[in-house]
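A closer look at the structure
The chain contents come next:
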Amino acid sequence: NPYADDPVRHPALKVNSQRPFNAEPPPELLTENYITPNPLFFTRNHLPVPNLDPDTYRLHVVGAPGGQSLCLSLDDLRKFPKHEVTVTLQCAGNRRSEMSQVKEVKGLEWNTGAISTARWAGARLCDVLVQAGHQLSEAEAHVCFEGLDSDPTGTAYGASIPLARALDPAADVLLAYEMNGEPLPRDHGFPVRVVVPGVVGARHVKWLGRVSVQPEESGSHWQRRDYKGFSPSVDWDTVDFDSAPSIQELPVQSAITEPRDGETVESGEVTVKGYAWSGGGRAVIRVDVSLDGGLTWQAAELYGEEQCPRKAWAWRLWQLQAPVPAGQKELHIVCKAVDESYNVQPDTVAPIWNLRGVLSNAWHRVHVRVAP
Ligand code: MTE
Ligand code: MO
C-alpha cells in the first residue's frame, strides 16, 4: 500500500478522497482566520505523499534548453535572498459540486473549500533561474516543474508556467520552503514547492524535484489533458484537449461560508460571511450580497490584508450584517464579487458548465429559513 506512509491529518477536514488524500476545511473554519492554519489548509494530492529526507534532498534546475543543470540542496536554496508573500491557492475544481448538480462531471466533489491562504517564504524562481545560466531569449518558452511523487509506472506529477511570468520579479514566483513560518507540512510539498501567485493551484508543484526551461509546455497529463475549460456542448466523445489553453490565471471568485445552506437563522439581524479572490493579481474591489435572490443588493465590508493593485495575490474576507425584513420566512442569500478589471461572476452555473467541472464561479447561493 503506497499510501501507508501518508501523514496524519486534522480531523475537522472534510475528506473527498482518502487515497490519494483530498480534503477541504468546513466553510465556517475556512473564514475564521485570514491566514489558514496549516493543518486546515485544503489538500489536493494526485498520488501518495513522498517521504523526503531534507538532508539528501536535491533540486535540479536547467536554466536553458540543453544547458547545464544546477543541483541545489536545501541549504543552497536558503542562501538565495528570502522572499515572503501571502498567497491564496485555489484548485481549478473548487465548487465543482455545484456544476455536477447541473449535469454529471468527472472529478472530486469539492464544495467551497478548495481554497486557502498562507504566508509562503522561499527563494524567488527568477533568482534561481539566473544562477542556473538562464539567458533572456525572445522565443516563447515555459518553465516546467516535476514533483517527486509518482504513480506505480514512475510517472511524476508535472506542470508548467510561461517563462515570462517566472522571470518577472514582480510576479513573486517562489520556490517555497516555509508555510506560515514553519517548514512545509508533508501534505503541502515538504521540503520545497512552487508558489505561483494568481495562478491555478495545479501549477504550484509540490515535492519539487526538477525545474527546466523548455520551448514547450510540460508534457504531463495535468498540463495537456486536464485543467482546461470547454463549452457546455463539448462532451467526452468530442473533446479536443489541444484546442484549449491550459488554465493559468483564474477568474474572479467568491462564496458564502456563513450561514450554511439549509440552516435556520434568528429573526432580527443576519450576519453573512465569505471570501472573495481573483486570479492574476487582480484586486477585489467589491462584494455584493443579496438576501432576496438577487433583486436587491448591499455591499459587504471587506477585511484582511490590504490588496495591492495588480499584485493582489491573496483573498479578502467579507462580512455583511443586515436586518432581516419583518415577516420574512426564508432568505435566498447570494454573493458576487467584482475585481479591479470589473470582471464579474456569471449569475448561474449552466452556461459555464464543462465536462471536467473546472472554473466554477457562478454567484454563490445559500437558502436559509428564518426562525419564527
Ligand atoms: N504537486 C504535486 N507534486 N502533486 C500533486 O498532486 N496537486 C496540485 C498542486 N501541486 C499536486 C501538486 C493541485 S491540482 C493543487 S490544487 C495544489 O497542488 C494543491 O496544493 P495543496 O495540497 O497544498 O493545497
Ligand atoms: Mo487542483
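Residues numbered from 1 in each chain as written. Chains lettered and ligands numbered in written order. Predicted model: local features only at pLDDT ≥ 70, side-chain atom pairs only at ≥ 80, totals over all residues. Heavy atoms only, no water.

1. A few points about the site of ligand 1
What counts is decided by this rule: The cutoff for a nearby residue is simple: one of its non-hydrogen atoms must lie within 4 Å of the molecule or strand. N or O atoms within 3.5 Å of each other form a polar contact, as long as, within protein, one can give a hydrogen and the other can take it, and as long as residues adjacent in sequence are counted only when both atoms are side-chain atoms. All accessible areas in this document rest on Shrake-Rupley with a 1.4 Å probe, and a residue is counted as covered only by the protein chains that are shown. A run of H or I in DSSP counts as a helix once it spans at least four residues, and a run of E counts as a strand once it spans at least two, with each numbered from the N terminus. Classification used: nonpolar for Ala, Val, Leu, Ile, Met, Phe, Trp, Tyr, Cys and Pro, charged for Asp, Glu, Lys and Arg, polar for all others including Gly.
As a matter of local geometry, ligand 1 sits amid 20 residues, with Phe42, Asp149, His188, Arg193 and Lys206 nearest to it. Residue aspartate 149 places a side-chain N or O atom 2.7 Å away from a nitrogen atom belonging to ligand 1. In the environment of ligand 1, a nitrogen atom lies 3.0 Å from a nitrogen or oxygen atom belonging to the backbone of histidine 204. Protein chains bury 100% of the 530 Å² of accessible surface belonging to ligand 1 in isolation. Elements that contribute at least two residues to the shell around ligand 1 include exactly strand S3 (43-44) and strand S8 (142-150). Looking at side-chain class alone, the shell around ligand 1 contains 9 nonpolar, 7 polar and 4 charged residues.

2. Some points on the domain arrangement of the protein
Put simply, the test is: For each domain, the first and last residues come from an automatic or database assignment. Any two residues having at least one pair of non-hydrogen atoms within 4.5 Å are treated as being in contact. Put simply, buried area is how much 1.4 Å-probe accessible surface two parts lose in total, over both of them, once they are put together. Salt-bridge detection follows one rule: a side-chain nitrogen of Lys or Arg within 4 Å of a carboxyl oxygen of Asp or Glu.
If you check the domain split of the protein, you get domain 1 (14-243) and domain 2 (253-370). One C-alpha centre belongs to domain 1, the other to domain 2, and the line joining them spans 27 Å. Opposite the 45 residues of domain 1 that make contact, domain 2 presents 37 residues. Carbon and sulfur atoms make up 59% of the surface buried where domain 1 meets domain 2, a total of about 3,700 Å² over both sides. If you look at where domain 1 meets domain 2, you find 3 salt bridges. The salt bridge partner of aspartate 172 is lysine 311, with a shortest N-O separation of 3.1 Å. The tally of links from domain 1 across to domain 2 stands at 26 residue pairs in polar contact (both at pLDDT 80 or more). In terms of residue count, strand S6 (residues 82-90) provides more of the side of domain 1 that touches domain 2 than any other element does, 5 residues in total. Per-class residue counts for the side of domain 1 that touches domain 2 are 18 nonpolar, 15 polar and 12 charged.

3. Structural notes on the sheet that holds strand S17 (residues 284-290)
For the record, the criterion: Here, strands pair whenever DSSP counts at least two bridges between them.
Strands sit in the order S15-S22-S21-S17-S18 across an open sheet of 5 strands; the sheet is mixed. Where the open sheet ends on each side, the last strands, each with one partner, are strand S15 (264-265) and strand S18 (298-299). Both S15 and strand S22 (residues 364-370) contribute to a ladder of 2 bridges, which runs parallel. Bridge pairing in S22 links threonine 264 to arginine 369.

4. A short note on the nonpolar core
Here is the rule we go by: We call a set of buried residues a nonpolar core when its members are Ala, Val, Leu, Ile, Met, Phe, Trp, Tyr or Cys and they connect through side-chain atoms within 4.5 Å of each other. Summary of the burial criterion: residues with accessible area below 20% of their type's maximum are buried, those above 50% are exposed, and those between are partly exposed, where the area comes from a 1.4 Å probe applied to protein chains only.
In terms of nonpolar packing, the biggest core is built from 51 residues, with Leu77, Val143 and Leu208 touching the most fellow members. Grouped together as the second largest cluster of nonpolar side chains are 22 residues, Val284, Val324, Leu331 and Val370 included.

5. A word on the environment of glycine 158
With respect to the secondary-structure elements, glycine 158 resides in strand S9 (residues 156-162). Spatially, the C-alpha atom of glycine 158 lies 22 Å from that of threonine 117, the residues being 41 residues apart in sequence. When near neighbours in sequence (up to four residues on either side) are disregarded, glycine 158 contacts Phe145, Glu146, Ser218, Ser220, Trp222 and Gln223.

6. A short note on the state of the cysteines
Put simply, the rule is: Cysteine sulfur atoms that pair up within 2.5 Å are treated as a disulfide.
Summed over all chains, the structure comprises 0 disulfides. With no disulfide of its own, cysteine 71 has cysteine 144 as its nearest cysteine by sulfur position, at a separation of 19 Å. In this structure cysteine 71 comes out as partly exposed when scored by relative accessible area, which is 39%. Given a relative accessible area of 8%, cysteine 144 falls into the buried group.

7. As for the pattern of salt bridges
Side chains that differ in sign of charge can pair as their charged atoms come close. One pass over the full model with this rule turns up 20 salt bridges. Among the ionic pairs, aspartate 76 bridges to lysine 79, the shortest N-O distance being 3.4 Å. The network of salt bridges with shared partners includes Arg165, Glu249, Arg282 and Asp339.

8. Quick word on the packing of aromatic side chains
The test is simple: Each pair of aromatic rings taken from Phe, Tyr and Trp, with Trp reduced to its six-membered ring, is defined by centres within 6.5 Å and is described as stacked if the planes are under 30 degrees apart, edge-to-face if over 60, and tilted in the remaining cases. When the NZ atom of lysine or the CZ atom of arginine is within 6 Å of a ring's centre and also within 35 degrees of its normal, the charge is said to sit over that ring.
Counted by the stated rule, this structure contains 8 aromatic pairs. Geometrically, the ring pair formed by phenylalanine 42 and tryptophan 110 is edge-to-face, given 6.0 Å between the ring centres and 90° between the ring planes. Taken together, the positions of phenylalanine 42 in the loop between helix H1 (27-30) and S3 and tryptophan 110 in the loop between helix H3 (96-102) and strand S7 (115-124) put the pair 68 residues apart, joining distant regions of the chain. With respect to class, phenylalanine 42 is no different from tryptophan 110; both count as buried. Ring geometry for tryptophan 297 and tryptophan 363: centres 5.1 Å apart, planes at 85°, overall edge-to-face. On the criterion of sequence distance, the pair formed by tryptophan 297 in the loop between S17 and S18 and tryptophan 363 in the loop between strand S21 (330-339) and S22 is long-range, its members being 66 residues apart. Since its relative accessible area comes to 16%, tryptophan 363 is described here as buried. Pairwise contacts between aromatic rings join Phe41, Phe42, Trp110 and Trp120 into one cluster. We note arginine 9 situated over the ring of phenylalanine 21; from NZ or CZ to the ring centre the distance is 3.9 Å. It is lysine 336 that lies over the ring of tryptophan 297; its NZ or CZ is 4.7 Å from the centre.

9. With respect to the pairing of S9
Burial of S9 is extensive: 6 of the 7 residues sit out of reach of the surface. Taking the residues between adjacent antiparallel strands as the criterion, S8 and S9 are bridged by 5 residues, where glycine 154 takes a positive phi near 90°.

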